[in-house]
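Tertiary structure, described
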Amino acid sequence: MAERPEDLNLPNAVITRIIKEALPDGVNISKEARSAISRAASVFVLYATSCANNFAMKGKRKTLNASDVLSAMEEMEFQRFIAPLKESLEAYRHDQKGKKGAVELKKKDKDKKEDSADPDKNREDENEDEDERMEEEEQNEEEEVDN
């Protein structure tokens, strides 16, 4: 577990990309400045995680969730980030629902294709279902006789 900023090294490529997106075109950044921003980001991540963990512990949970992070942002006095974070969270949840729905549709389509490709299998499945129903009916009749 990372307890010090030195223990947590965020990927340089990610830090560089974030910096480039934040700065106007034509502005360069020195290695020293990039390193300082990387260390500051590490400190921020550790602090935000620690605060969020405190909210999870208050709730007697071991898993941090989005509401813990949002509460931590408020406690850390980063209120101006709460609305954008909530928007990002909603977009993420929406995307996840879409992905889940797409996976389910693909699975249903695949099952339909397999079923239509093998008509003998469909008949076998129907026969097995009918056999199971008959066995259940026989068991129910036997139970009724026993009672």
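Residues numbered from 1 in each chain as written. Predicted model: local features only at pLDDT ≥ 70, side-chain atom pairs only at ≥ 80, totals over all residues. Heavy atoms only, no water.

Each helix and strand in the protein chain was counted, giving five helices and zero strands. Each helix (α) and strand (β) of the protein chain, taken in turn from the N terminus, gives the series α-α-α-α-α. When burial is assessed residue by residue, the protein chain has 11% of its 147 residues classed as buried. Of the contacts made within the protein chain by residues no fewer than 6 positions apart, 39% connect residues no fewer than 24 positions apart. Only carbon and sulfur atoms are counted for the fraction: they give 51% of the accessible area of the protein chain, which is about 12600 Å². (Helix = DSSP H or I, 4+ residues; strand = E, 2+ residues; numbered from the N terminus. Buried < 20%, exposed > 50% of the residue type's maximum accessible area, 1.4 Å probe, protein only. Contact = heavy atoms within 4.5 Å. Areas by Shrake-Rupley, 256 points an atom, 1.4 Å probe, with all protein chains shown as cover.)

At a minimum axis separation of 10 Å, helix 1 (residues 12-22) and helix 2 (residues 31-58) run at an interaxial angle of 105°. By the criterion of interaxial angle, the relationship of helix 1 to helix 2 is roughly perpendicular. Residues Ile15, Thr16 and Ile19 of helix 1 lie in contact with helix 2, whose contacting residues are Arg34, Ile37, Ser38 and Ala41. A breakdown of the residues in the contact of helix 1 with helix 2 according to their chemical character gives four nonpolar, two polar and one charged. (Axes fitted to C-alpha atoms, helices over the stretch in contact; angles between N-to-C directions. Parallel < 35°, antiparallel > 145°, perpendicular 65-115°, else oblique. Nonpolar A, V, L, I, M, F, W, Y, C, P; charged D, E, K, R; others polar.)

It is worth spelling out the pattern of salt bridges at this point. On inspection of all chains with the given rule, the structure shows two salt bridges. Across the pair Asp68 and Arg61 runs a salt bridge whose closest N-O atoms are separated by 2.8 Å. The class of Asp68 is buried, set by a relative accessible area of 3%. The residue Glu90 makes a salt bridge to Arg93 at a minimum N-O spacing of 3.6 Å. (Salt bridge = Lys/Arg side-chain N within 4 Å of Asp/Glu carboxyl O.)

A word on unusual backbone geometry. Even without a glycine there, the phi angle at Lys60 is positive, about 55°. By secondary structure assignment, the location of Lys60 is in the loop between helix 2 and helix 3 (66-75). Exposure remark for Lys60: the relative accessible area of 79% places this residue in the exposed category.

Attention shifts here to the packing of helix 2 against helix 3. Across the interface, helix 2 lies against helix 3 with an axial gap of 8 Å and an inter-helix angle of 115°. Accordingly, the angle class assigned to the pair helix 2 and helix 3 is roughly perpendicular. Our pair here, helix 2 against helix 3, has a crossing hand that is right-handed. Seen from helix 2, the contacting residues are Phe44, Ala48, Cys51, Ala52, Phe55 and Ala56; seen from helix 3, they are Asp68, Val69, Ser71, Ala72, Met73 and Glu75. For the contact of helix 2 with helix 3, the per-class residue count stands at nine nonpolar, one polar and two charged. (Left-handed = near helix turned anticlockwise from the far one by under 90°.)

Let us now look at the confidence of the model for the protein chain. Mean pLDDT over the protein chain stands at 81; residues scoring 70 or higher make up 74%. Mean pLDDT per element in the protein chain: helix 5 (residues 119-146) is the minimum at 61, and helix 3 is the maximum at 94. (pLDDT = per-residue confidence, 0-100.)

Our focus in this paragraph is the environment of Ser50. With respect to the secondary-structure elements, Ser50 resides in helix 2. Taking the C-alpha atoms as reference points, Ser50 and Val69, separated by 19 residues in sequence, lie 9.6 Å from one another.

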